[in-house]
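# Residue-level structural notes
Below are the chains, spelled out letter by letter.
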Amino acid sequence: MAAKRGALIVLEGVDKAGKTTQCKMLVQALQQSGYPAEMMRFPDRSTTIGKLISAYLEKKSELEDHTVHLLFSANRWEMVPEMKRKLEQGTTLVVDRYAFSGAAFTSAKPGFSLDWCTRSDVGLPKPDVVLFLQLSPAEAASRGRYGEERYEDAAFQSAVLDRFRQLMDDSSVNWKVVDASGSVDDVHKDIALKSLDAIHAAQTQPLGELWK
Ligand code: 2DT
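If you look the chain up in an unreviewed UniProt entry, it shows as Thymidylate kinase from Hippocampus comes. Regarding the chain, the relevant UniProt record gives this comment under Function (unreviewed entry): "Catalyzes the phosphorylation of thymidine monophosphate (dTMP) to thymidine diphosphate (dTDP), the immediate precursor for the DNA building block dTTP, with ATP as the preferred phosphoryl donor in the presence of Mg(2+)."

Take a look at the structure:
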């Protein structure tokens, strides 16, 4: 019998919500419970495209806004064969940011519609669940100063949060809101429960296509 497929689990949220910490904790907890799991993150800065994106984020280079949007998207598409292979082999993928960050961040820039921003990601592997780590701007601010990378300022982050809210109105995506204001362990417990539901559901459902 073919192995049961793994689940595609995405964590999204504004900066400082704890996405990366929670992705790592989730992968470790899943592995310890006997579920094959691996972490991925977007942008994946290790590829040729990822290096262009990384230089842009570090403000070492300038890129036209549409161009960088399409590079972020291409950086997801280039990983799709590997993602599908792993999922089919039964590995659950825990992904730190995905197309939702792509659409939310670019559409927070002047002159970009959410519709245009989702187009280049239509048909990507559809997450079995998108966990949105919710944190108010005040709580995010209380976690310390933003870093020095592009987009790391309070006004832009609040525009991004508005766009995430719009994306969450789309019921074709399985969004689950996680209150990220609690302790790291409490947030982890919530995420782990929601992820196990997604893993079990994925075993009897084919992988979908995003926004299609
Ligand atoms: P981190 O590496 O700290 O997560 O920051 N972004 C990300 C986009 O603008 N478009 C995208 O498609 C993705 C995945 C969010 C990465 C920064 O890049 C932004 C913050």
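From this point, the narrative continues.
### Brief notes about the UniProt feature "domain: Thymidylate kinase-like" (unreviewed entry) in the chain
Here the UniProt feature "domain: Thymidylate kinase-like" (unreviewed entry) sits at residues 11-191. Secondary structure content for residues 11-191 is 50% helix and 14% strand, and the end C-alpha separation is 9 Å.

### What to know about the nonpolar core
One finds Y98, F100, F164 and L167 to be the most contacted residues of the largest nonpolar core, which totals 41 residues. Take this core: its biggest share by element is 6 residues, from helix 8 (residues 154-168). L167 has contacts with F100, A103, A104, L114, T118, W175 and W211, leaving out every residue within four places of it along the chain. Counting residues in hydrophobic clusters, the runner-up holds 24 residues, among them A7, V129, L131 and I191.

### Examining the site of the ligand
The environment of the ligand is formed by R41, F42, P43, R45, L57, F72, R76, R97, S101, G102, F105 and Y151. At a separation of 2.9 Å, an oxygen atom of the ligand approaches a polar side-chain atom of R45. Residue R76 places a side-chain N or O atom 2.8 Å away from an oxygen atom belonging to the ligand. Elements with a minimum of two residues in the shell around the ligand: helix 3 (65-77) and helix 5 (99-107). The element contributing the most residues to the shell around the ligand is helix 5, with 3 residues. A class-by-class count of the residues in the shell around the ligand yields 6 nonpolar, 2 polar and 4 charged.

### Some details on the environment of V160
Along the polypeptide, V160 turns up in helix 8. According to the relative accessible area criterion, V160 is buried, its value standing at 0%. Considering only alpha carbons, one finds V160 and L57, 103 residues apart in sequence, at a separation of 16 Å. Beyond its immediate chain neighbours, meaning those up to four positions away, V160 contacts A104, F105 and A108.

Analysis parameters
Residues numbered from 1 in each chain as written. Predicted model: local features only at pLDDT ≥ 70, side-chain atom pairs only at ≥ 80, totals over all residues. Heavy atoms only, no water. UniProt positions renumbered as here; feature names shortened; annotations may be inferred. Helix = DSSP H or I, 4+ residues; strand = E, 2+ residues; numbered from the N terminus. Core = buried A, V, L, I, M, F, W, Y, C linked by side-chain atoms within 4.5 Å. Buried < 20%, exposed > 50% of the residue type's maximum accessible area, 1.4 Å probe, protein only. Contact = heavy atoms within 4.5 Å. Near = heavy atom within 4 Å. Polar contact = N/O pair within 3.5 Å; in protein donor to acceptor, adjacent residues only side chain to side chain. Nonpolar A, V, L, I, M, F, W, Y, C, P; charged D, E, K, R; others polar.

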